[in-house]
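Summary of the model geometry
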Amino acid sequence: MKNLNDFISEEDKKKESVRPVKDSKRGTDDQKYVRLMEKYKRMRRGDKDKANKVLAEAFKLAKDGDVSKQAIMAGAYI
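Computed from a predicted model, the values in this text were never measured in an experiment. (Residues numbered from 1 in each chain as written. Predicted model: local features only at pLDDT ≥ 70, side-chain atom pairs only at ≥ 80, totals over all residues. Heavy atoms only, no water.)

**Quick look at helix α3 (residues 48–64)**
Residue pairs three or four apart in sequence face the same way in an α-helix, which turns once every 3.6 residues. Relative to the 24 Å expected for 17 residues at 1.5 Å per residue, α3 spans 24 Å between its end C-alpha atoms, a close match to the ideal helical length. Among the residues of α3, those classed as buried are Ala 51, Val 54, Leu 55, Ala 58 and Leu 61. Down the axis, α3 shows its buried residues gathered within 120 degrees of arc, on one side only. Opposite the buried face of α3, at more than 90 degrees from it, the exposed residues are Asp 49, Lys 53, Lys 60, Lys 63 and Asp 64. Looking at the buried residues of α3, the elements they touch are α2 (30–43). (Helix = DSSP H or I, 4+ residues; strand = E, 2+ residues; numbered from the N terminus. Expected span 1.5 Å × (residues − 1). Buried < 20%, exposed > 50% of the residue type's maximum accessible area, 1.4 Å probe, protein only. Arc of directions from axis to C-beta. Contact = heavy atoms within 4.5 Å.)

This is the structure in structure tokens:
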């Protein structure tokens, strides 16, 4: 039969071993790209010139920066 302290320490070890691993498929600029696309979505109904500048910045980031395909797809569906 197990001691109560041993049982608790085993559960703590299980929790420590199950940690999410950083996904290597994500780019470093993903979050910035998605936020720019969200900002564009809000601005496009108001001032179209400023919205187009934000969109151009997001496209430039996608082209030159480290943006994953998943983030580009997410930006398209915003």
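Right, picking up where we left off after that structure.
**Regarding the environment of Tyr 77**
Residue placement: Tyr 77 occurs in the segment after α4 (69–76). For Tyr 77, a relative accessible area of 68% corresponds to the exposed category. Taking the C-alpha atoms as reference points, Tyr 77 and Met 37, 40 residues apart in sequence, are found 9.6 Å from one another.

**Structural notes on the nonpolar core**
With 11 residues, the main nonpolar core is built from Tyr 33, Leu 36, Met 37, Tyr 40, Ala 51, Val 54, Leu 55, Ala 58, Leu 61, Val 67 and Ala 71. Per element, the largest residue contribution to this core is five residues, and it comes from α3. The residues touching Tyr 40, leaving out its near neighbours within four places in the chain, are Ala 51, Asn 52, Val 54 and Leu 55. (Core = buried A, V, L, I, M, F, W, Y, C linked by side-chain atoms within 4.5 Å.)

**Structural notes on the packing of α2 against α3**
In the contact formed by α2 and α3, the axes pass within 9 Å of each other and the chain directions differ by 160 degrees. With respect to their mutual orientation, α2 and α3 come out roughly antiparallel. Here α2 runs over α3; the crossing is left-handed. Along the contact surface, α2 presents Lys 32, Tyr 33, Leu 36, Met 37, Lys 39, Tyr 40 and Met 43, while α3 presents Lys 50, Ala 51, Asn 52, Val 54, Leu 55, Glu 57, Ala 58, Phe 59, Leu 61 and Ala 62. Counted by class, the contact of α2 with α3 contains 12 nonpolar, one polar and four charged residues. (Axes fitted to C-alpha atoms, helices over the stretch in contact; angles between N-to-C directions. Parallel < 35°, antiparallel > 145°, perpendicular 65-115°, else oblique. Left-handed = near helix turned anticlockwise from the far one by under 90°. Nonpolar A, V, L, I, M, F, W, Y, C, P; charged D, E, K, R; others polar.)

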